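Architecture and fold: a report
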Amino acid sequence: MQDFIPALTELYDKIKAAMPTLLDGLQVTLYIFAVAIVLGFLIGLVMALFRLSPIKPLQWISKIFVDAIRGTPFIVQLFFIYFGLNSLSFISLDNTWAGILTVAINAGAYFAEIIRAGIQSIDKGQTEAARSLGLDSTQNMRFVVLPQAFRRMLPTITNQAIISLKDTSLLSIIGVADLTQRGRVVVSATYDPFTIYLLLGIMYFVIIYLLSLLSSYLERRFVLR
Amino acid sequence: MSMIRVENLKKSFGDIEVLKDVSTVIEPSEVVCVIGPSGSGKSTFLRCLNRLEEITDGHVFVNGQDITDNKNNINKIRQDVGMVFQQFNLFPHMTVLQNITLAPVKLKKLSPADAEKKAFALLDKVGLREKAKAYPGELSGGQKQRVAIARALAMDPKIMLFDEPTSALDPEMVGDVLDVMKDLAKEGMTMVVVTHEMGFAAEVGDRVIFIDGGYIVEENVPKELFGNPQHERTKSFLSKVL
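**A few points about helix α3 (residues 74-84) of chain A**
Residue and element names in this part refer to chain A. The set of residues buried in α3 consists of Phe74, Gln77, Leu78, Ile81 and Tyr82. The arc that holds the buried residues of α3, viewed along the axis, is 115°, so those residues lie on one side. Summarising the contacts, the buried residues of α3 are in contact with α2 (56-70), α4 (95-120) and α6 (137-167).

**Section: the environment of Tyr82 of chain A**
All names here are of chain A. By secondary structure assignment, the location of Tyr82 is in helix α3. Tyr82 sits 14 residues away from Thr96 along the chain, and the two C-alpha atoms are 9.5 Å apart. In contact with Tyr82, not counting residues within four places along its chain, are Leu93, Asp94, Asn95, Ala98 and Ile174.

**With respect to the packing of aromatic side chains**
Inspection of the entire model under this criterion finds six aromatic pairs over all chains. Centroid distance Phe41 of chain A to Phe111 of chain A: 5.6 Å. Interplanar angle 70°. Geometry classified as edge-to-face. Within this pair, whereas Phe41 of chain A is found in helix α1 (residues 4-52), its partner Phe111 of chain A is found in helix α4, the two being separated by 70 residues in sequence. When its relative accessible area of 22% is taken as the criterion, Phe41 of chain A is described as partly exposed. Given a relative accessible area of 1%, Phe111 of chain A falls into the buried group. Three or more aromatic residues joined by ring pairs form one cluster here, namely Phe41, Phe111 and Phe150 of chain A. Note that Arg5 of chain B overlies the ring of Phe61 of chain B, its terminal NZ or CZ placed 4.5 Å from the centroid.

**Observations regarding the nonpolar core**
Side chains of a nonpolar character, in soluble globular proteins, are inclined to be buried together. In terms of nonpolar packing, the biggest core is built from 49 residues, with Ile35, Ile100, Ile149, Met160, Phe162, Met181 and Met191 of chain B touching the most fellow members. Here this core gets eight residues from one element, more than from any other, and that element is helix α6 (residues 171-186) of chain B. Residues within four places of Phe162 of chain B in sequence aside, it is in contact with Leu46, Val84, Ile149, Met181, Leu184, Met191, Val192, Val193 and Val194 of chain B. In this structure, Ala130 and Leu133 of chain A together with Ile4 and Ile74 of chain B belong to the second largest nonpolar core, which totals 43 residues.

**Observations regarding the layout of surface pockets**
All names here are of chain A. One number sums up the size of the largest pocket: a volume of about 620 Å³. In terms of lining, the largest pocket is formed by 22 residues, of which the most central are Leu52, Thr127, Arg131, Ser137 and Asn140. The residue inventory of the lining of the largest pocket, partitioned by class, reads nine nonpolar, five polar and eight charged. Taken as a whole, the second largest pocket encloses approximately 240 Å³ of empty space. As for the second largest pocket, its lining consists of Phe33, Ile37, Phe41, Phe111, Leu154, Ile157, Thr158, Ala161, Leu211, Leu214, Ser215 and Leu218. Elements with a contribution of two residues or more to the lining of the second largest pocket: α1, α6 and α8 (193-221).

What counts, and at which threshold
- Residues numbered from 1 in each chain as written.
- Chains lettered and ligands numbered in written order.
- Predicted model: local features only at pLDDT ≥ 70, side-chain atom pairs only at ≥ 80, totals over all residues.
- Heavy atoms only, no water.
- Buried < 20%, exposed > 50% of the residue type's maximum accessible area, 1.4 Å probe, protein only.
- Helix = DSSP H or I, 4+ residues; strand = E, 2+ residues; numbered from the N terminus.
- Arc of directions from axis to C-beta.
- Contact = heavy atoms within 4.5 Å.
- Phe/Tyr/Trp six-rings, centres within 6.5 Å; stacked < 30°, edge-to-face > 60°.
- Lys NZ or Arg CZ within 6 Å of the ring centre and 35° of its normal.
- Core = buried A, V, L, I, M, F, W, Y, C linked by side-chain atoms within 4.5 Å.
- 1 Å grid on protein atoms, 1.4 Å probe; cavity = no way out; pocket = protein on both sides within 12 Å on 5 of 7 lines; lining within 4 Å.
- Points joined across faces, edges and corners; volume = space filled by probe spheres on them.
- Nonpolar A, V, L, I, M, F, W, Y, C, P; charged D, E, K, R; others polar.

Written out as C-alpha cells, the structure is:
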C-alpha cells in the first residue's frame, strides 16, 4: 500500500505533463478528420451519381476511381500524393493537405459504393411516383430518393467515418503533427511507451465512441418510417 | 380534341414484345377501364401513356402533344397526367401533407400556403383531413391509396391514370377507394383505369378495353362488352372472372 500511492502520483504527473502536447495533436487529428470527411463525402456523392448516370464515360470514371482506390493500400496512396505528386514541379502540397487529400480520396471511394448501394436500395416506385408528378430527375434525387437513402446509409457511413478517423494516424509517417505523431514525440522524451500509447489508445477510443453515439442519436432522430 | 390518342403503340422489353400494335382514342371526361389477363400488357399500356415506359414504336399524343417526341418536355406534360399506383408509392419520409404539397410547391405551381390550402381541400374530399400530419407508415392501405389520389390531384391534372389501384388492398378497404374514384368520374375527370374490379368497370366505365397478347382484342361500352362479348378470348376471360 505504501508503494501504491507514490506510483499513482507518478502516473498522474506523467499524464499531466503529456497532456498539453497530446491535446495539440488531437486538435490536428480532429481538424484533418473533419475536413477530409466532408470532402470525402462530396467525392463519394459525385462518384455515386456518376456511376448511376446513363452517360457511359461518367460510369467508367467512377468505376476506375473506386477500383483504383480500393485496390491499393492507404500508405501507397499517401506516399503517391505526398512524394509522388509533389515531385511534379507544378504541384506543391504541404504534408497536412497531402494527408487531408489522401484521407478524403480514400474515404470518397468507399462512400461512393455506400451511397450507390443506398440509392439503389430505394424502391423504384418512389422514382416513378415522383416522375409521374412532373418532377425531373434532379428534383427526384434531391427531394425523394436521397433523403430516404441517407437514413438507410447512416450506419455504414458512420462505420467508414470511424475507419477514416483511424487512418489519419498513418499521416504521422509523413510528419503531420497529429495525435499519433505527438504521442511518439512524448514517448521519445519520457521513455514510457506503455503509459503513453495506452493513453493514446484511450483518446482515440473516446473520440470514436462519441462518434458512434452521435450516429445512433441521428438514427433515432430520423427513424425510417 | 381528344385527350389521348394512341397510334400503333409497340413496346418490347428486350426480345419480348409486350404491346404489339395498340391504337385507341380517349376523349375528355371519358372513363376507360382496361381489363385483361395478367401479363396481357394492360399495365404496360397504361405506363406508356405518361412514358414511365420508353415507347419502342408508334406515337402517343397527350393533349395533342406527342410524348414520344423528345422536343416536347415530358416533365411538363406529366404535370397534366396524374398517376395512382398499385403499391401507392407514397413518400415514407414525408407527412401526408408534405406528400401532397411537394410537387405543386417545387414545380412552382402554387405558393406553399396555397398548396397547403389545396391539400386540406383534397384531404376533405378523400375523407382524411385528420391524417394530414401522419406519416404514410401510420396509415392503412386504403388510406394510403386515398392520399395517393389526393397527391396526384394536387397538380390539377387533366387526366388520371390508375394502375390496379385496389389490387393491393384488403377487401374491406376497396370500397372507400372506389368511392373516391366514382366521385372523380362524376366530376368529369378523364380517367384510364387498369382494374380487376369488373363491377366498377361496369358501373363507372364509359368504355371497357379488353387487352390480351399485346393487342386490344375488343373495346365497347361496358354493357355490350360484358353482356355480349364478340371474341372467343373475351368470352373465355370473362367466364373466368365474372
